[in-house]
Amino acid sequence: AQSVTQPDIHITVSEGASLELRCNYSYGATPYLFWYVQSPGQGLQLLLKYFSGDTLVQGIKGFEAEFKRSQSSFNLRKPSVHWSDAAEYFCAVGPSGNTGKLIFGQGTTLQVKP
Amino acid sequence: ETGVTQTPRHLVMGMTNKKSLKCEQHLGHNAMYWYKQSAKKPLELMFVYNFKEQTENNSVPSRFSPECPNSSHLFLHLHTLQPEDSALYLCASRYSGSQETQYFGPGTRLLVL
């Protein structure tokens, strides 16, 4: 079955510290992978995506993610976190079927300490 | 992302009310989606429309009725809802190609009393 697991429900980091959010997936074919961010009261904004090619993907707001097929992982990283990065982060895999639907993880809430 | 808009942003309704949620995309996409986001649960896909045709209904109760009059507009008609239907309802759109990204609206926060 296709699934996405984000092992960390809640993470707290200090401002300026590095960040890594974990994402593991189970998918029968070559996956397309996405990271979205959701600020309180807002919809989901795409941070970055991986379809093929270079396994290290750069996104907006200084985020990057690395696709590791052998580990079925697509972890999100940022070298130095800013207070404005506090939000909920969702990893997703797809497309599933011919509808293009995505399968989302449960999300990781990031808190940033001053 | 301002390409997908949703109205209203907040809605409070009683269990006997009838209301509708509206989604509009200004991106020229041809596929649209309704998701339900409840606290502490993954996003749940509800409906998918491709070129105005419903291509997926993810076992959604009939008290939720979608409508897609054209590729730019998507509605979710609500009637006789239950308190457990309180959630954030998100609309998304994309081009119907395999490498196309879904873009989300800001959502409608629904509270059913």
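Definitions and limits used
Residues numbered from 1 in each chain as written. Chains lettered and ligands numbered in written order. Predicted model: local features only at pLDDT ≥ 70, side-chain atom pairs only at ≥ 80, totals over all residues. Heavy atoms only, no water. Disulfide = S-S within 2.5 Å. Helix = DSSP H or I, 4+ residues; strand = E, 2+ residues; numbered from the N terminus. Buried < 20%, exposed > 50% of the residue type's maximum accessible area, 1.4 Å probe, protein only. Pairing = 2+ DSSP bridges. Axes fitted to C-alpha atoms, helices over the stretch in contact; angles between N-to-C directions.

1. Thoughts on the state of the cysteines
Under the criterion given, the structure shown has two disulfides over all chains. Paired by a disulfide, C23(A) and C91(A) hold their sulfur atoms 1.9 Å apart. Judged by the torsion about the S-S bond (-65 degrees), the C23(A)/C91(A) disulfide is left-handed. Placement of the pair is C23(A) in the loop between β3 (19-21) and β4 (24-26) and C91(A) in strand β10 (residues 87-96), with a sequence separation of 68 residues. The buried category is assigned to C23(A), whose relative accessible area is 0%. Put simply, C23(B) and C91(B) are joined by a disulfide, and their sulfur atoms are 1.9 Å apart. Judged by the sign of its S-S torsion, about -75 degrees, the cystine formed by C23(B) and C91(B) is left-handed.

2. Notes on the sheet that holds strand β8 (residues 73-79) of chain B
Strand pairing in a sheet is mediated by backbone hydrogen bonds. Such pairs are either parallel or antiparallel. Residue and element names in this part refer to chain B. Taken in spatial order, the four strands make up an open sheet running β1-β3-β8-β7, and their pairing is antiparallel. Looking at the sheet topology across the chains shown, the edges are occupied by β1 (4-7) and β7 (64-70). Here the average twist between neighbouring strands, direction ignored, is 20 degrees. Taken together, the seven bridges between strand β3 (residues 18-25) and β8 define a ladder with antiparallel strand orientation.

3. Comments concerning the pairing of strand β6 (residues 44-50) of chain A
All names here are of chain A. The buried fraction of β6 amounts to five of the seven residues, a majority that puts the element mostly inside the structure. Here six bridges tie strand β5 (residues 32-38) to β6, and the two strands are oriented antiparallel to one another. Of the residues in β6, the one forming a bridge with L33 is Y50. Between β5 and β6, which pair antiparallel one after the other, the connecting turn spans five residues, and G41 there sits at a positive phi close to 75 degrees.

4. A short note on the pairing of strand β11 (residues 108-112) of chain B
Residue and element names in this part refer to chain B. Here β11 shows a buried face lined by T108, L110 and V112 and an unburied face lined by R109 and L111. Relative to β11, strand β2 (residues 10-13) runs parallel, the two being bridged by four bridges. Paired with M13 across the two strands is V112, which belongs to β11. The sheet contact formed by strand β9 (residues 87-94) and β11 spans three bridges and is antiparallel. Bridge pairing links L88 to R109 in β11.

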